[in-house]
Amino acid sequence: MALTILLAFSAVLLLLSNLVHRIRTWTTLRHIPGPRLAGWSRTWLLKKMYEAKTQVTFQQAIEKYGPVVRIAPDWIIVNDVSEVRRIWSVHSGYHRSKWYEGWRIDPSRDNILTASDNHHHHRVRSHVLPAYQPRAIVPARERIVDEQLDKLIALIERKYISSSQKMQPMDLARVFLYYTQDVISGVGWSSPFGYLDKDEDVHGAIHAIESMLLMTNFIGISPMALRLLQSGLVDSLLPKPTDSRGIGKVLGLINSIVSQRYGEKAVRHDDILQLFVDSKLPQNEVEAEALVMLLGGTDTTATALRMAVFYLSTTPNAYQTLQAEIDEAIKRGVTRPIVSDTEVRELKYLRACVQETIRMWPPISSVSPKSSDTDDFIAGVKVPAGTTVAVSSWSFMKDKAVFGEDADVFNPMRWIEAEGTPRLKEMEGSQGLAFAKGSRWECLGMKLAYMELHKVLFELFHRYHFAMTDPIVPFEWKNYGLTIHEHMNVTVTKRNTAA
């Protein structure tokens, strides 16, 4: 009887303690508007994450409540570009929140994408940054990009050319991801995985990565799930280098490749991995950064490529203007069979198409939450220390005050028309945040990604016509910070002008 009373009393105390904590947390941010449930529980945020359309949800919340919105008891979301740039700056005092820890492949070890301690992040970044500089990317890197682009073209010619006698749709969701995976593995460690050769997810890694995106977000949002992950109790469920498929298989391949770069019989290659090794990073950190390079540099570029083809194929004026510019460049005599990076960057309209695609559908659209150990004011609103400050990238990418009344429309000409005006700098400042440009956390692979985007679009639109196979439902999608596209089929036909 005494034990029953003790347990009941303990349960009541636990409930009261939890209630007091929730009231205290709610009171701290009570002055910030947002969905009613979000002030008391993470349930609202977790539900929206599960629905896989968070950026649309956050954009709607910003439109309803204003530039600073409460989306969880100790979370807010912001769409003020000037404030985002300040928060992401080197001397702001902000650091990554615990949300990033949910993205660790190894729960016990950080990498450059998950390090929340600014000093640790700066140390690792100083080691790996030289590998991503322009002098490290070209010309050797450009040769690998060209080789894989050749393979992409060969795959299209082999399997995906349609005609009046034969329909053979190509799924952009898969094929462009195969291309970016082969580019990164080739540039990264001189051994392309061979996705384009086989036209399939050879290790099952792509499926495994897409399957884990929802869970990693859940873990980052839920402190209890994060503690469970870091407790070691679920280690048996995590990917291992000995796995025969999925991320574990890729881990094993990377660890094997990295180990060859060390020891008395170490091999050397002209690739990013070698620059990591030469930077004197410990071997286990080189393994972690090699995996980050693969995960961070493939889905994002593939998403931008897919959406560029989609927006162009559904915007006839932009489509015709781009192909006319490409045809004129061919007549002038650009490098063949693959245009050079130097030449392709001179094409203003192609550059504008890439900029507009990234604005319309940011390849990285995670909440990117940061936190400060001191109180702050954001857009005039007091934000207590320890608050998780996330961003709504889709909101500021569609800001009519910056991009014009047609901000919801794909219009590459806006970039050309703004040349030589203060407006262009403002537009570039907002759009650049898609890659955290100019901030402490600027994407290291941004320059390589732009090289791939310009080259692929030039060569494909020079050779082929594209049309969405199903214009009513052109694709299905989910977004967990990275976008998963499905059934994104296009019909590809040859152009008569292609050389």
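Calculation criteria
- Residue positions are given per chain, counting from 1 as you read along its sequence in written order.
- Only residues with pLDDT of at least 70 get local features here, since the model is predicted, and only at 80 or more are side-chain atom pairs given and counted; chain-wide, interface and lining totals rely on the full set of residues.
- To get the side-chain values, take all heavy atoms of the structure and skip hydrogens and water.
- Every helix listed is a DSSP run of H or I at least four residues long, and every strand listed is a run of E at least two residues long, numbered separately from the N terminus.
- Radius of gyration: C-alpha atoms only; globule rule: 2.2 Å multiplied by the number of residues to the exponent 0.38.
- Three exposure classes are used, based on accessible area relative to the maximum for each residue type with a 1.4 Å probe and protein chains only: buried under 20%, partly exposed in between, and exposed over 50%.
- Areas reported as accessible are Shrake-Rupley estimates using a 1.4 Å probe. Residue values count occlusion only from the protein chains shown.
- The positive count covers Lys and Arg only, the negative count covers Asp and Glu only, and His and the chain ends enter neither.
- Where a charge lies is defined by one atom per residue type, namely NZ (Lys), CZ (Arg), CG (Asp) and CD (Glu).
- UniProt positions are given in the numbering used here, feature names are shortened, and annotations may be inferred rather than shown by experiment.
- Only the stretch in contact is used when fitting a helix axis, every axis being a line fitted to C-alpha atoms; angles between N-to-C directions are given from 0 to 180 degrees.
- Geometric relationships in this document are graded by angle, where less than 35 degrees denotes roughly parallel, more than 145 denotes roughly antiparallel, 65 to 115 denotes roughly perpendicular, and other angles denote oblique.
- Any two residues whose heavy atoms approach within 4.5 Å are treated as being in contact.
- Note on residue categories: nonpolar means Ala, Val, Leu, Ile, Met, Phe, Trp, Tyr, Cys or Pro, charged means Asp, Glu, Lys or Arg, and polar means any other residue, Gly included.
- Basic side-chain nitrogens of Lys or Arg form a salt bridge, by our definition, when they fall within 4 Å of a carboxyl oxygen of Asp or Glu.
- Paired rings are identified among Phe, Tyr and Trp, the last through its six-membered ring, by centres lying within 6.5 Å, and are further divided according to the angle between planes into stacked (under 30 degrees), edge-to-face (over 60) and tilted (the rest).
- For a ring to carry a charge above it, either NZ of a lysine or CZ of an arginine must fall within 6 Å of the ring centroid while also lying within 35 degrees of the normal to the ring plane.
- Throughout, a crossing is termed right-handed when the near helix is turned clockwise from the far one, and left-handed when it is turned anticlockwise from it by less than a right angle.

Take the overall build of the chain next. From N to C terminus, the chain includes 23 helices and 12 strands. Computed over C-alpha atoms, the radius of gyration of the chain comes to 24 Å, within 12% of the 23 Å expected from 2.2 N^0.38 for 499 residues, which places it in the range of a compact globule. If one aligns the C-alpha atoms of the chain with their principal axes, the spans along those axes are about 90 × 60 × 45 Å. Taken across its 499 residues, the chain has 56% of its residues classed as buried. With an accessible surface of roughly 22,200 Å², the chain has 57% of that area assigned to carbon and sulfur atoms. Side chains of the chain carry 58 positive and 55 negative charges; the gap between the two charge centres is 3 Å.

The next thing to look at is the UniProt feature "binding site: heme" (unreviewed entry) in the chain. As annotated by UniProt and renumbered to match this structure, "binding site: heme" (unreviewed entry) occupies Cys443. Considering the arrangement of structural elements, one finds Cys443 in the loop between helix H22 (422-431) and helix H23 (446-463).

The next point concerns the packing of helix H15 (residues 299-313) against helix H18 (residues 348-360). Between H15 and H18, the shortest axis-to-axis distance is 9 Å and the interhelical angle comes to 105 degrees. By the angle between their directions, the pair H15 and H18 is classed as roughly perpendicular. Here H15 contributes Ala304, Met307, Ala308, Tyr311 and Leu312 to the contact with H18, which in turn contributes Cys353, Thr357 and Met360. A breakdown of the residues in the contact of H15 with H18 according to their chemical character gives seven nonpolar, one polar and no charged.

Right, let's get into the pattern of salt bridges. When charged atoms on two side chains of opposite charge get close, those side chains can pair. Counting across every chain of the model gives 25 salt bridges. Here Arg141 makes a salt bridge to Asp270, at a shortest N to O gap of 3.3 Å. Within this pair, whereas Arg141 is found in helix H7 (residues 140-159), its partner Asp270 is found in the loop between helix H12 (246-259) and helix H13 (272-278), the two being separated by 129 residues in sequence. Of the residues examined, Asp270 reaches a relative accessible area of 55% and is grouped as exposed. Between Asp146 and Lys455 there is a salt bridge, and its shortest N-O distance comes to 2.8 Å. In this pair, Asp146 sits in helix H7 while Lys455 sits in helix H23, placing the two residues 309 residues apart along the sequence. Linked by salt bridges that have partners in common, Glu356, Arg359, Asp406 and Arg414 make up one network.

What follows deals with the packing of aromatic side chains. Applying the stated criterion to the full structure yields 18 aromatic pairs. Cluster of aromatic residues (ring-pair linked, three or more members): Phe310, Tyr311, Trp361, Trp394, Phe410, Phe475 and Trp477. Of note, Lys53 hangs over the ring of Trp477, and the distance from its end group to the ring centre comes to 4.4 Å. When the ring centre of Trp394 is taken as reference, the NZ or CZ atom of Lys398 above it lies at 5.2 Å.

The subject of this paragraph is the packing of helix H10 (residues 205-221) against H12. Two quantities define a packed helix pair, namely the angle between the helix axes and the distance between the axes. The geometry of H10 relative to H12 is characterised by a closest axis approach of 7 Å and an angle of 120 degrees between their N-to-C directions. Taken together, the axes of H10 and H12 lie oblique to each other. Pair H10 / H12 crosses with left-handed handedness. Contacts between H10 and H12 involve Ala205, Ala208, Ile209 and Met212 on the former and, on the latter, Gly246, Ile247 and Val250.

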